[in-house]
Amino acid sequence: MAETVITSQAHRFSIPESVHYLNCAYMAPLADTVSAAMVEGAGLKKHPWGFRPADFFTLSEDFRSAAAEVAGISAECVAIVPSVSYALATAAANLPLARGQRIVTLADQFPSNVYAWRELAAREGGEVVAVERPSQDEWTGAVLEAIDERTAIAALPHNHWADGRVVDLVAVGERCRAVGAALVLDLTQSIGAAPLDLAAVRPDFAVAACYKWMMGPYGIGMLYVDPRHHGGTPLEHNWINRAGSEDFARLVDYREDFQPGARRFDMGEKSNPPLLMGASAACAFLLEFGVDAIARTLAARTQAIADAADGLGLTSAPIGTRAPHFLALEFPEGIPEGLTERLAAAQVHVSLRGNSLRVTPHLYNTDADTDALIATLGSCLA
């Protein structure tokens, strides 16, 4: 028997029935439990006498453990970061680049995973090489061809943020190890929605912001740091990341050693209850179903949309070439003028990225959302 998909969880989100939000890759709406957790967290600052010194640590450890479970990794390898750019600046500060060496990225990759590498290359005399995707083909072959003995770092996503096409990161990881290159991943557009075995990929660093497919608040994320970098240099030196910081009475007994594992890379003022409690609740929502089941459910919905859009003459890559949760609809006759505005006027919310319409549903969507999208596209193309 085929594995079943998850029934719509629309009742757990504050999305009016008249709104058809198919834009999780832009920003996920918060489940009611996540919003409630954030409000509860804000209440701790409202009454700070109830926020104990131990809470500075327990709340962050709760999120660290939950995020690690979502990603399928050890909590000892998770650092708490405010953004992708912060995490990638940390990676860039801890990876060597010699003059003349290369950093491999994808063409039109999201800027946060480009600027840090451009700065590093300019400072050290290296070069950033942006791999182009051949026509409608997948990315992996071109990426593997670009990684050679000149490559110091490959900085990549699991799937492209605009077209949704995947990179075989297991094969890329093997290639990087063969040539002695480091591997840094931005998994913001995949963790929580697409299975990935990081133990098989073996990246040096991997980051995911929480506000997209991790279904959490803005301003917090997780950074995977491989154990071989646990002795590295953090981007900032804050009090709470040093060993012994649990003892507030001895904070001026300055320490040279750090908290264990990847904790030395945690951002300053990480102990922010609304963000930590909201992000932990978001992880609990995902773990209730499991990433495999979520991916299977989103694959069924994106495929149904692709099949219906095919009847309108729109094309898309098959699942496998694209990620299961990502659908990029392409217009052979060109994108109609004002398309996204007309869709938004009908309360159908998607994104235009490059030459395709990015459609990214989640568990809060229903068949009515698919019907509204197809009907509105049909009227726009008539």
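Residues numbered from 1 in each chain as written. Predicted model: local features only at pLDDT ≥ 70, side-chain atom pairs only at ≥ 80, totals over all residues. Heavy atoms only, no water.

**Focus: the nonpolar core**
- Ranked by internal contacts, the top residues of the largest apolar core, which has 103 residues, are Phe63, Trp117, Ile153, Leu185, Met214, Met215 and Met222.
- For this core, the leading source of residues is helix H8 (residues 273–289), giving nine residues.
- Dropping the residues within four chain positions of it, methionine 215 is found in contact with Phe13, Cys24, Ala28, Pro29, Leu30, Val34, Cys210, Ala282, Phe285, Leu286, His362 and Tyr364.
- In this structure, Leu22, Ile305, Ala306 and Leu329 belong to the second largest nonpolar core, which totals 19 residues. (Core = buried A, V, L, I, M, F, W, Y, C linked by side-chain atoms within 4.5 Å. Buried < 20%, exposed > 50% of the residue type's maximum accessible area, 1.4 Å probe, protein only. Helix = DSSP H or I, 4+ residues; strand = E, 2+ residues; numbered from the N terminus. Contact = heavy atoms within 4.5 Å.)

**A look at the pattern of salt bridges**
- Applying the stated criterion across every chain yields a total of 17 salt bridges.
- Between glutamate 288 and arginine 12 there is a salt bridge; the shortest N-O distance is 2.8 Å. In this pair, glutamate 288 is assigned in helix H8 and arginine 12 in the segment before strand E1 (20–21), connecting sequence segments 276 residues apart.
- Put simply, aspartate 148 and arginine 150 hold a salt bridge, and the shortest N to O gap is 2.6 Å.
- Under the relative-accessibility criterion, aspartate 148 is labelled buried at 12%.
- A residue is classified by how much of its surface remains accessible, and arginine 150, at 42% relative accessible area, is partly exposed.
- Among the charged side chains, a salt-bridge network with shared partners connects Glu61, Arg64, Glu76, Arg263, Asp266 and Lys270. (Salt bridge = Lys/Arg side-chain N within 4 Å of Asp/Glu carboxyl O.)

**As for the state of the cysteines**
- For the structure on display, the rule yields zero disulfides.
- A disulfide-free cysteine, cysteine 210 has its sulfur positioned 5.9 Å from the sulfur of cysteine 283, the nearest such atom. (Disulfide = S-S within 2.5 Å.)

**Focus on unusual backbone geometry**
- For aspartate 108, which is not a glycine, the phi torsion comes out positive at approximately 55°.
- Note on placement: aspartate 108 falls in the loop between strand E3 (102–106) and helix H4 (115–124).
- Of the residues examined, aspartate 108 reaches a relative accessible area of 65% and is grouped as exposed.
- Non-glycine residue methionine 215 carries a positive phi angle of around 65°.
- Examined against the element boundaries, methionine 215 turns out to sit in the loop between strand E7 (205–209) and strand E8 (221–225).
- For methionine 215, a relative accessible area of 3% puts it in the buried group.

**Concerning helix H2 (residues 55–71)**
- Taking 1.5 Å of rise per residue, the 17 residues of H2 would be expected to cover 24 Å, and the 24 Å separating its terminal C-alpha atoms lies within 8% of that figure.
- For H2, the complete set of buried residues consists of Asp55, Phe57, Leu59, Ser60, Phe63, Arg64, Ala66, Ala67, Ala68, Val70 and Ala71.
- Buried residues along H2 sit against helix H1 (32–46), strand E2 (78–81), helix H7 (198–201), E8, H8 and helix H9 (291–310).
- Immediately beyond the C-terminal end of H2, within one or two residues, lies glycine 72, with a positive phi of roughly 75°. (Expected span 1.5 Å × (residues − 1).)

**Description of the sheet that holds E7**
- One open sheet holds the seven strands; their spatial order is E2-E8-E7-E6-E5-E3-E4, and the pairing between them is mixed. The outermost strands of the open sheet, each flanked by one partner alone, are E2 and strand E4 (127–131). Neighbour-to-neighbour, the strand axes of the sheet open up by a mean angle of 20°, direction not taken into account.
- With five bridges joining them, E3 and E4 adopt parallel strand pairing. The residue of E4 that forms the bridge with leucine 106 is valine 131.
- Set on the sheet, helix H6 (residues 169–179) makes contact with strand E5 (151–157) and strand E6 (182–186); between it and E6 the angle comes to about 155°. (Pairing = 2+ DSSP bridges. Axes fitted to C-alpha atoms, helices over the stretch in contact; angles between N-to-C directions.)

**Some points on a nonpolar patch on the surface**
- Judged by side-chain polarity, Tyr26, Met27 and Tyr218 come together as a nonpolar surface patch covering roughly 340 Å² of accessible area.
- Tracing the backbone through its elements, the reader meets tyrosine 218 in the loop between E7 and E8.
- A residue is classified by how much of its surface remains accessible, and tyrosine 218, at 57% relative accessible area, is exposed. (Patch = residues over 30% accessible without salt bridge, like charges linked within 9 Å, V, L, I, M, F, W, Y side chains within 5 Å. Areas by Shrake-Rupley, 256 points an atom, 1.4 Å probe, with all protein chains shown as cover.)

**As for the packing of H1 against H8**
- Between H1 and H8, whose axes approach to 7 Å, the crossing angle comes to 155°. Relative to H8, the element H1 is oriented roughly antiparallel. Where H1 crosses over H8, the handedness of that crossing is right-handed. Contact residues: Thr33, Val34, Ala37, Met38, Glu40, Gly41, Ala42 and Leu44 in H1; Pro273, Pro274, Met277, Gly278, Ala281 and Ala282 in H8.
- In the contact of H1 with H8, the residues fall into ten nonpolar, three polar and one charged. (Parallel < 35°, antiparallel > 145°, perpendicular 65-115°, else oblique. Left-handed = near helix turned anticlockwise from the far one by under 90°. Nonpolar A, V, L, I, M, F, W, Y, C, P; charged D, E, K, R; others polar.)

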